[in-house]
Amino acid sequence: MTNLTVLDARGRIRGLAWTIDFRPTNALATLVLDPGSSVRAEAGAMVAMGPGIELTTEVEGGLWSAVKRSAGGRSMSVSTFTAREGRDRLLLAPPTPGDLVAVGLNGQAYDIAGHAYLAASQDVAVDTRWGGAKAFFASDNALVVQASGNGVAFLGAFGVLLPQQLAPGEKLVVDTGHLVAWDASLRYEIRKAATSAWKSMASGEGLVAEFTGPGNLFLQSRNIEALAAALKPHLPGSG
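This is a predicted model, so every value here is computed, not measured. (Residues numbered from 1 in each chain as written. Predicted model: local features only at pLDDT ≥ 70, side-chain atom pairs only at ≥ 80, totals over all residues. Heavy atoms only, no water.)

Bringing the packing of aromatic side chains into the picture now. For the coordinates displayed, the defined rule picks out 5 aromatic pairs. Where Trp182 meets Tyr188, the ring centres are 5.9 Å apart and the plane angle is 75°; that geometry is what we call edge-to-face. As far as the burial class goes, Trp182 and Tyr188 line up, both buried. Joined through ring pairs, the aromatic side chains of Trp182, Tyr188 and Phe211 make up one cluster. (Phe/Tyr/Trp six-rings, centres within 6.5 Å; stacked < 30°, edge-to-face > 60°. Buried < 20%, exposed > 50% of the residue type's maximum accessible area, 1.4 Å probe, protein only.)

This brings us to the sheet that holds strand β19 (residues 207-212). Spatial strand order, β16-β19-β18: 3 strands in an open sheet with antiparallel pairing. Each edge of the open sheet carries a strand with a single partner, namely β16 (171-175) and β18 (187-192). Averaged over all adjacent pairs, the angle separating strand axes in this sheet is 25°, with direction ignored. Sheet analysis places β16 next to β19, joined by 5 bridges and oriented antiparallel. Considered in β19, the bridge of Lys171 is made with Thr212. (Pairing = 2+ DSSP bridges. Helix = DSSP H or I, 4+ residues; strand = E, 2+ residues; numbered from the N terminus. Axes fitted to C-alpha atoms, helices over the stretch in contact; angles between N-to-C directions.)

The omega angle of the peptide bond from Arg23 to Pro24 is -5°, so this bond is cis rather than trans. Tracing the backbone shows Pro24 in the loop between β3 (16-21) and β4 (28-33). Residue Pro214 is bonded to the preceding Gly213 through a cis peptide linkage, with omega at 15°. By secondary structure assignment, the location of Pro214 is in the loop between β19 and β20 (215-220). Positive phi is not limited to glycine here, since Phe22 has a value of about 65°.

Another aspect to go through is the confidence of the model for the chain. With 78% of its residues at a pLDDT of 70 or more, the chain shows a mean pLDDT of 81. Confidence drops under a pLDDT of 50 for residues 197-204, and excluding neighbours within four residues, the segment shows 9 contacts in the predicted structure. (pLDDT = per-residue confidence, 0-100. Contact = heavy atoms within 4.5 Å.)

We now examine the sheet that holds β4. Sheet architecture is open: 5 strands sit in the order β2-β3-β4-β9-β6, paired in antiparallel fashion. The open sheet terminates on both sides in strands that have one partner only, identified here as β2 (10-13) and β6 (46-49). The average undirected angle you get between the axes of adjacent strands in this sheet is 20°.

Among the 6 residues in β4, 5 count as buried, and that is most of the element. Bridge count for β3 against β4 is 6 bridges, and the pairing is antiparallel. Residue Leu16 lies in a different strand from β4, and its bridge partner there is Leu33. In this structure, β4 lies alongside strand β9 (residues 88-92), joined through 5 bridges in antiparallel fashion. Each bridged residue has a counterpart across the sheet, and for Val32 the counterpart in β9 is Arg89.

The residue Gly44 is located in the loop between β5 (38-42) and β6 in this model. Between the C-alpha atoms of Gly44 and Ser79, which are 35 residues apart in sequence, the distance is 8.5 Å.

Tracing the sequence through the fold places Gln220 in strand β20. Considered as a pair, Gln220 and Gly159 are 61 residues apart in the sequence and their alpha carbons are 6.0 Å apart. Sequence-distant contacts of Gln220, that is, excluding residues within four places in its chain, are made with His115, Ala157, Phe158, Val160, Gly177, His178 and Val180. Polar contacts involving the side chain of Gln220 include one to the main-chain amide nitrogen of Phe158, which spans 3.0 Å. For Gln220, the side chain forms a polar contact with the main-chain oxygen of Gly177, separated by 3.2 Å. (Polar contact = N/O pair within 3.5 Å; in protein donor to acceptor, adjacent residues only side chain to side chain.)

With the rule as written, the count across this model stands at 6 salt bridges. Among the ionic pairs, Asp34 bridges to Arg12, the shortest N-O distance being 2.4 Å. Pair noted here: Asp34 is in the loop between β4 and β5 and Arg12 is in strand β2, with a separation of 22 residues, a long-range link. Asp34 sits in the buried class, given a relative accessible area of 15%. Each of Arg12, Asp34 and Arg87 takes part in a single network of salt bridges with overlapping partners. (Salt bridge = Lys/Arg side-chain N within 4 Å of Asp/Glu carboxyl O.)

Pasting the structure below:
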């Protein structure tokens, strides 16, 4: 059963409405908060906000939680935006050019690569947890963001965000640099891309994650590490 679904670019839930423009290359989310409603977002995600929005920033959950967030690819502090003086708007954008989607959770847990998580409604619980060696090789980090509850989360992608729905027994092999999020109950194994370690390295793929359905996952069409490698020879001092 799918427990995370891509919502329309315009939508509304209790206390919050959103519009996502300029997809899929330079996406920007405009959120409209009802009086007393809040959204939690990564530090630095705000583009602009109305005068009736109150911003508070704190090291949520104490120092250890902040350290986990930082190690998992997130900001150490959490920004909370609350509409205090009537209905007002908040503009958010991811740090890299690309897509941005609103996804709905129906009470189950979902694992998200730290670089992809942007914000969530007040009904969504977001934590950084230990994912073990498999999570490290799947998302280049042993700590993953886990979102659960009933609400909306906003995910960004470098390039276009690609939803993938796997039927029971269906398999999909994913280059780990393109992985954004996956159903926490979705089974996957980490293996070499080719039949040998040398062929895997020569292909430029290295390790891959092989997912087995049922379940769904989200990929990004571009890999920021591949971009960094492509630019490196052209940077000053690279020779």
